[in-house]
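For reference, the chains in residue letters:
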Protein chains: 2
Amino acid sequence: MAYTLTVGAVSRQLQPVQVSATKSLLLIELLGDTELTNAVADAMVALVPPGCDLIFTVATSAIPLAHALSERTGLPYLVARKRRRTYMDHPLIQEVESMTLGVGETLWLDGRHVERVRGKKAVLLTDVVVSGSTLAAMARLVERAGGVVVGRLAAFARTGATDLGDISAVATLPKS
Amino acid sequence: MAYTLTVGAVSRQLQPVQVSATKSLLLIELLGDTELTNAVADAMVALVPPGCDLIFTVATSAIPLAHALSERTGLPYLVARKRRRTYMDHPLIQEVESMTLGVGETLWLDGRHVERVRGKKAVLLTDVVVSGSTLAAMARLVERAGGVVVGRLAAFARTGATDLGDISAVATLPKS
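This structure is a prediction, so every number in the text was calculated from the model and none was measured.

Concerning helix H4 (residues 133-144) of chain B
Residue and element names in this part refer to chain B. Between the first and last C-alpha of H4 there are 17 Å, a value that for twelve residues agrees with the 16 Å anticipated at 1.5 Å per step. Of all the positions in H4, only Ser-133, Leu-135, Ala-137, Met-138, Ala-139, Leu-141 and Val-142 are classed as buried. Of the residues trailing H4, Gly-146 is marked for its positive phi of about 90°.

A short note on the packing of helix H2 (residues 63-73) of chain A against helix H2 (residues 63-73) of chain B
A pair of packed helices is characterised by two quantities: the angle between their axes and the separation of those axes. Taken N-terminus to C-terminus, the directions of H2(A) and H2(B) make an angle of 60°; their axes are 8 Å apart at the nearest point. As the angle between them shows, H2(A) and H2(B) are arranged oblique. Along this stretch, H2(A) crosses H2(B), giving a crossing that reads as right-handed. Between H2(A), through Ile63(A), Pro64(A), His67(A), Ala68(A) and Glu71(A), and H2(B), the contact on the second element is made entirely by Ile63(B), Pro64(B), His67(B), Ala68(B) and Glu71(B). In terms of residue class, the contact of H2(A) with H2(B) is built from six nonpolar, two polar and two charged.

Considerations on the confidence of the model for chain A
Model confidence for chain A is summarised by a mean pLDDT of 91, while 94% of its residues fall at 70 or above. Per the prediction output, this complex has pTM 0.94; the corresponding ipTM is 0.93.

A short note on the packing of helix H1 (residues 34-44) of chain B against H2(B)
All names here are of chain B. Across the interface, H1 lies against H2 with an axial gap of 9 Å and an inter-helix angle of 45°. Taken together, H1 and H2 sit at an angle that is classed as oblique. Between H1 and H2 lies a crossing whose hand is right-handed. Two secondary-structure elements touch here, H1 through Thr-37, Asn-38, Val-40, Ala-41, Asp-42 and Met-44 and H2 through Pro-64, Leu-65, Ala-68, Leu-69 and Arg-72. Each residue belonging to the contact of H1 with H2 can be placed in one class, and the counts come to seven nonpolar, two polar and two charged.

Quick look at the pairing of strand S8 (residues 105-109) of chain B
All names here are of chain B. By the criterion of burial, S8 is predominantly enclosed, with five of the five residues buried. Side chains Glu-105, Leu-107 and Leu-109 project from S8 onto one buried face, and the interleaved Thr-106 and Trp-108 project onto a second face that is buried too. Relative to S8, strand S7 (residues 92-96) is paired through five bridges, and the arrangement is antiparallel. Following the sheet pairing, Leu-92 is matched in S8 by Leu-109.

A short note on the environment of Val170(B)
Residue and element names in this part refer to chain B. Positionally, Val-170 belongs in strand S11 (residues 167-173). Exposure remark for Val-170: the relative accessible area of 23% places this residue in the partly exposed category. C-alpha separation for the pair Val-170 and Tyr-87, spaced 83 residues apart in sequence, amounts to 35 Å. Those residues in contact with Val-170, other than ones at most four positions away along the chain, are Val-7, Val-40, Ala-43, Met-44, Leu-47, Ala-154 and Ala-155.

Here's the deal with the interface of chain A and chain B
Across the contact, 30 residues belong to chain A and 30 residues belong to chain B. Between chain A and chain B, the buried area comes to about 2600 Å², and carbon and sulfur atoms account for 54% of it. The tally of links from chain A across to chain B stands at zero salt bridges. Linking chain A with chain B are eleven residue pairs in polar contact (both at pLDDT 80 or more), by the criterion used here. Within the residue set of the side of chain A that touches chain B, elements represented by two or more residues are strand S3 (16-18), helix H1 (34-44), H2, strand S6 (77-80) and helix H3 (111-117) of chain A.

Structural notes on the sheet that holds S11(B)
Note: strands within a sheet are paired through backbone hydrogen bonds, in either parallel or antiparallel orientation. Residues and elements named next belong to chain B. Pairing is parallel across the open sheet formed by five strands, whose spatial order is S6-S5-S9-S10-S11. This sheet does not close on itself; its edge strands, each paired only once, are strand S6 (77-80) and S11. Averaged over neighbouring strand pairs, the angle between their axes works out to 20° when direction is ignored. Sheet topology places strand S5 (residues 54-58) next to S6; four bridges connect them, and they run parallel. Within S6, the residue paired with Ile-55 across the bridge is Tyr-77.

Description of the environment of Asn38(A)
Within the secondary structure, Asn38(A) is located in helix H1. Note: C-alpha distance between Asn38(A) and Arg72(A) (34 residues apart in sequence) is 9.6 Å. Apart from the residues within four sequence positions on either side, Asn38(A) is in contact with Ala68(A), Arg72(A), His67(B) and Glu71(B).

Digging into the side chain of Thr57(B)
Residue and element names in this part refer to chain B. Relative to the assigned elements, Thr-57 resides in strand S5. A polar side-chain atom of Thr-57 sits 2.8 Å from the main-chain carbonyl oxygen of Leu-125. With residues up to four places along the chain from it excluded, the contact list for Thr-57 reads Ala-62, Ala-66, Leu-78, Val-79, Ala-80, Leu-125 and Met-138.

About the thresholds
Residues numbered from 1 in each chain as written. Chains lettered and ligands numbered in written order. Predicted model: local features only at pLDDT ≥ 70, side-chain atom pairs only at ≥ 80, totals over all residues. Heavy atoms only, no water. Helix = DSSP H or I, 4+ residues; strand = E, 2+ residues; numbered from the N terminus. Expected span 1.5 Å × (residues − 1). Buried < 20%, exposed > 50% of the residue type's maximum accessible area, 1.4 Å probe, protein only. Axes fitted to C-alpha atoms, helices over the stretch in contact; angles between N-to-C directions. Parallel < 35°, antiparallel > 145°, perpendicular 65-115°, else oblique. Left-handed = near helix turned anticlockwise from the far one by under 90°. Contact = heavy atoms within 4.5 Å. Nonpolar A, V, L, I, M, F, W, Y, C, P; charged D, E, K, R; others polar. pLDDT = per-residue confidence, 0-100. Pairing = 2+ DSSP bridges. Buried area = accessible area lost by both parts, 1.4 Å probe. Salt bridge = Lys/Arg side-chain N within 4 Å of Asp/Glu carboxyl O. Polar contact = N/O pair within 3.5 Å; in protein donor to acceptor, adjacent residues only side chain to side chain.

See below:
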């Protein structure tokens, strides 16, 4: 069933898509949706912990949101990658321990970026939280780089999919 | 040798990085650099062909620029992906014919996005042009989706690396 999502003055009709034989999810894309991205960023500013130095996110779909939140808060952002890039120098490598993904995923943080995390207070940013396993791997990366995680932000959380714990989300989505 | 890049009021010291045993390139990253991304987008607005309907880019590093250019022009943007995503429905698949890359690369455009290209005038957007092979594959994708390519934009072009042809770049970078 379609679902109407509203963030600030922006509404979107989300359609369920089949992602496996037994599973369908409401499709939400920030990538390519400038208006929704900016509405989420506007709503997210108040959720950024005070005293934070850095927004830490992961490729790919949360990147426009990281840019928009960086603009609004004046905080720099950093992007962990899901594939090694040729230019990376002594990257930190972190496995994502996922029960839902089936396949293993790995996060890569360029050594040059590790230096930008050291001694810094970081807020983690993701677009959609399902199991929280990617956020957990991002937290490990920040800690291994010598930073401190001071908050966890998500644009959207799927209800029932996870115990949100200390994750602040702009909106929740029904399960499917 | 380091190189100073200036775009509008923003300057960056670019460092050469070794990308293979015989090759070094000046490292330039828009990802994580909100200020440089916005300066490039400001300079790029004048390069967008009149009558254009759509900005068409490819994951990952040009995504923040696509968002920023979309904001400034009011044009929507679309992102082709380099990996298949589970939610894609009847994607268009396009091989990148690259002489420099060594390994083949593939672009994926979700079927839902194909519909947004049909009958539209698209400007292609990339961050760094080297051989032009990715732009050529992007052009094929747009045409196969029923759109028309009306321009090719790059934030940066490496001089000597390619005949720029009809590509408009905000700045050129020395070879290394």
